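One-letter residues, chain by chain:
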Amino acid sequence: LKLIDKSMASYKTDLYINGKWLKPILGGTFQTINPATGEVITDVANATSEDIDLAISSAKATLFSDNWGFKSTGKQRAVILRNIGNIIESRKDELAKLDSLDQGKPLREALADMGDAVSACSHFATLAEELDGKQYEDIDNGTNGDFTTKILYEPLGVIGAITPWNYPFLMGIWKVIPAIAAGCTIVLKPSELAPLSCLLLAEICTDAGLPHGALNVVTGLGADAGGPLSNHDGIDKVSFTGSVPTARKIMAAAALGPRAISLELGGKSPLLVFEDADIPSAVDWILTGILWGSGQVCSATSRVLVHNSIKDQLLTKLLERVKEVKIGNSLSQEFLSYEGPAMGPVVSKGQYDKIWAYIDKAVADGITLFYGGDRKLVEALGPGYFIPPTIFLDVPTNSAIWKEEIFGPVLSIRSFELEEEAVYSANNTEYGLAAAVFSADKERVTRVSRALRAGIVWENCCQPAFIQAPWGGYKKSGFGRELGRWGLEEFLGVKQITGCNSGFSWGLW
């Protein structure tokens, strides 16, 4: 057990398998970096296929044990889920500080993540209890009583969960908690860029009464740990959140099983502002949509379409508000005491270089730079991976910054005249995760929401995510849903049980 400092969280660095902290079999490690300083936080265990085998064996054994999996009840699982929520609530400050240190996000954002995590535990505990009441539900099979058909909901099996670095703890929660509610067992592989809080999740779940082997956490590089996990025959489903290129590899591996998968991938989400919109409100939501998490959010509304008649007004207000954004080390005293809009670094040197490459190309291509886009604006912050909010105007629809997911604080703006034009431009993308529409005309808001090809549409707001509502997209943004009852269903198997009433026969033989 190591300490960040006296005011922060403890953290673990080994693998968690079958209720024990283990060194990787091959002894490898990797470094996790503080993105605000570029300094090494610690060395973390790098799992390989040998460790994945051990974790999956543990998960399989627990799935078929007497106190979990197929023999557990929703009521039993609900008790554990509420215990997990209570422990997270009691440790939320240290967990938030750990995510802020490891990922770079402002502490207030990390604390919001912990609040969502607690809510998820409560919500899925209720769904687990309700599941008991649905067991052996009668189905009308149309035989007038000659046959009886009932439905049984069972754990889908061993889940391989691979989570991203932008919400390190919360994305672990989004997969682990509904899987527990369903009675599954899990092998969780968090991103190597911010793995520390998911290791504490393992500790929390055990303290809450989750049986050993129900949750195993294996940290490691993608090729060393993620690949063997997604390719393993002992996995019944892979639940993945991350990039499209990695998703393609997971789909290819699943096809060889075959095994189930669900994918929550990227986005290039549009935000439409019509001429009757509340401009100050729209501007606040625009900045939330692109600067929350330093723009490293799958649903980030990185494309803004604004009506020609209000473009100048909106840009004036946008410039005024974006200048208020403070950038810095989220755990510095100066940053912690700032109450206005704030943004931390991006997660890694690789992400930093990729984002700047997009910005530099857009400038070189002559696209109008409205704000930011200059390294001098952040050079005084030191060696961390800081990028200023960057806004481009009149962005061509064939440009990289309009078409491709940058995953950073880079906003592209275009204007429109007709509603049909705006909807077409919004939908003209390979992605379909989220979209937002701003207008005082309720009929238009409803009409445009129906027309937008996205799994999530916000009306006169941007980015709220509720534990009770489904989360997921269309097209290259993936398939399957997380959260709400839809998220629970992703981890359930549905079994038909049909019986023949005594003496009945079809008389065919």
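Residues numbered from 1 in each chain as written. Predicted model: local features only at pLDDT ≥ 70, side-chain atom pairs only at ≥ 80, totals over all residues. Heavy atoms only, no water.

*Asks:* Please clarify how the overall build of the protein chain should be interpreted in this entry.
*Replies:* Within the protein chain, the secondary structure is distributed over 16 helices and 26 strands. Whereas a compact globule of 509 residues would reach a radius of gyration of roughly 23 Å, the protein chain reaches 24 Å, a difference of no more than 12%. Counting only residues that meet the buried cut, the protein chain has 57% of its 509 residues in that class. Contacts spanning at least 24 positions in sequence make up 72% of the contacts within the protein chain whose residues lie at least 6 apart. Only carbon and sulfur atoms are counted for the fraction: they give 52% of the accessible area of the protein chain, which is about 20900 Å². Taken as two groups, the 47 positive and 59 negative side-chain charges of the protein chain have centres that lie 2 Å from each other. (Helix = DSSP H or I, 4+ residues; strand = E, 2+ residues; numbered from the N terminus. Rg over C-alpha atoms; globule rule 2.2 N^0.38 Å. Buried < 20%, exposed > 50% of the residue type's maximum accessible area, 1.4 Å probe, protein only. Contact = heavy atoms within 4.5 Å. Areas by Shrake-Rupley, 256 points an atom, 1.4 Å probe, with all protein chains shown as cover. Lys, Arg positive; Asp, Glu negative; His and termini not counted. Charge placed at Lys NZ, Arg CZ, Asp CG, Glu CD.)

*Asks:* Could you clarify how one ought to interpret the sheet that holds strand β15 (residues 303-307) in this entry?
*Replies:* Backbone hydrogen bonds hold the strands of a sheet together, and the pairing may be parallel or antiparallel. Spatially, 7 strands are ordered β18-β19-β20-β15-β14-β22-β23 in an open sheet, and the strand pairing comes out mixed. Edge strands, defined here as strands with exactly one partner in the open sheet, are β18 (368-371) and β23 (456-459). On average, each strand axis in the sheet is inclined to that of its neighbour by 25°, with strand direction left out of account. In this structure, strand β14 (residues 270-273) lies alongside β15, joined through 4 bridges in parallel fashion. (Pairing = 2+ DSSP bridges. Axes fitted to C-alpha atoms, helices over the stretch in contact; angles between N-to-C directions.)

*Asks:* Sorry, what's going on with the side chain of E264 here?
*Replies:* Looking at the secondary structure, you find E264 in strand β13 (residues 260-264). Buried E264, no salt bridge; nearest opposite-charge side chain is K175, N-O distance 6.9 Å. Side-chain polar atoms of E264 contact the side chain of W471, separated by 3.4 Å. (Salt bridge = Lys/Arg side-chain N within 4 Å of Asp/Glu carboxyl O. Polar contact = N/O pair within 3.5 Å; in protein donor to acceptor, adjacent residues only side chain to side chain.)

*Asks:* Help me understand the packing of helix α1 (residues 49-63) against helix α7 (residues 222-231) in this model?
*Replies:* To describe two helices that pack against each other, one gives the angle between their axes and the distance between the axes. Interaxial distance between α1 and α7 falls to 8 Å at its minimum, and their mutual angle equals 45°. Looking at the two axes, α1 sits oblique to α7. With respect to the hand of their crossing, α1 and α7 are arranged in right-handed fashion. Within the contact between the two elements, α1 uses S49, I52 and I56 and α7 uses D224, A225, P228 and L229. (Parallel < 35°, antiparallel > 145°, perpendicular 65-115°, else oblique. Left-handed = near helix turned anticlockwise from the far one by under 90°.)

*Asks:* Explain the nonpolar core to me, please; I cannot follow it from the model alone.
*Replies:* Note on soluble globular proteins: their nonpolar side chains tend to be buried together. Judged by nonpolar contacts, the single largest core of 106 residues is most densely connected at I84, L215 and V273. If we ignore the near neighbours within four places in the chain, the residues touching V273 are A282, I286, L305, V306, H307, I310, L314, F416 and F438. Membership of the second largest hydrophobic core comes to 29 residues, among which are F274, V423, V437 and L452. (Core = buried A, V, L, I, M, F, W, Y, C linked by side-chain atoms within 4.5 Å.)

*Asks:* Is there a simple way to think about unusual backbone geometry in this case?
*Replies:* Among all residues except glycine, the phi angle is most often negative; among peptide bonds, the trans geometry is most common. Here the bond from G257 into P258 is cis, since omega is -15°, no more than 30 degrees from zero. Checked against the element boundaries, P258 lands in the loop between α8 (244-256) and β13. Even without a glycine there, the phi angle at F407 is positive, about 60°. As for its position among the elements, F407 is in the loop between α13 (400-403) and β20 (410-416).

*Asks:* Where do I start with the packing of aromatic side chains in this structure?
*Replies:* Centre-to-centre distance and the angle between the planes together describe a pair of aromatic rings. One pass over the structure, following the stated rule, counts 8 aromatic pairs. With 5.8 Å between their ring centres and 65° between their planes, W174 and W471 make a pair best called edge-to-face. Of the two residues, W174 sits in helix α5 (residues 168-182) while W471 sits in the loop between β23 and β24 (474-475), which places them 297 residues apart along the sequence. Assessed through its relative accessible area of 7%, W174 is described here as buried. Of the aromatic side chains, those joined through ring pairs into one cluster are W174, W458 and W471. (Phe/Tyr/Trp six-rings, centres within 6.5 Å; stacked < 30°, edge-to-face > 60°.)

*Asks:* Looking at this structure, I do not really get the packing of helix α3 (residues 92-103) against helix α4 (residues 107-134). What am I missing?
*Replies:* Put simply, α3 and α4 touch, their axes get as near as 8 Å, and they point 130° apart. As summarised for this structure, α3 and α4 are arranged oblique, according to the angle between their axes. Between α3 and α4 lies a crossing of right-handed hand. Between α3, through K92, D93, L95, A96, K97, D99 and S100, and α4, the contact on the second element is made entirely by L107, A110, L111 and M114. When grouped by side-chain class, the residues that make up the contact of α3 with α4 number 6 nonpolar, 1 polar and 4 charged. (Nonpolar A, V, L, I, M, F, W, Y, C, P; charged D, E, K, R; others polar.)

*Asks:* Explain helix α15 (residues 442-451) to me, please; I cannot follow it from the model alone.
*Replies:* Side chains of residues three or four places apart in an α-helix project in the same direction, reflecting 3.6 residues per turn. R444, V445, V448 and S449 are the residues of α15 that are buried. Taken down its axis, α15 places every buried residue within 130° of arc, on the same side. Exposed side of α15, more than 90 degrees from the buried face: K442, E443 and R450 are the residues found there. Elements in contact with the buried residues of α15: β14, α14 (419-427), β22 (434-438) and β23. The N-cap residue of α15 is D441: its side-chain oxygen and the backbone nitrogen of E443 are 3.0 Å apart. (Arc of directions from axis to C-beta.)

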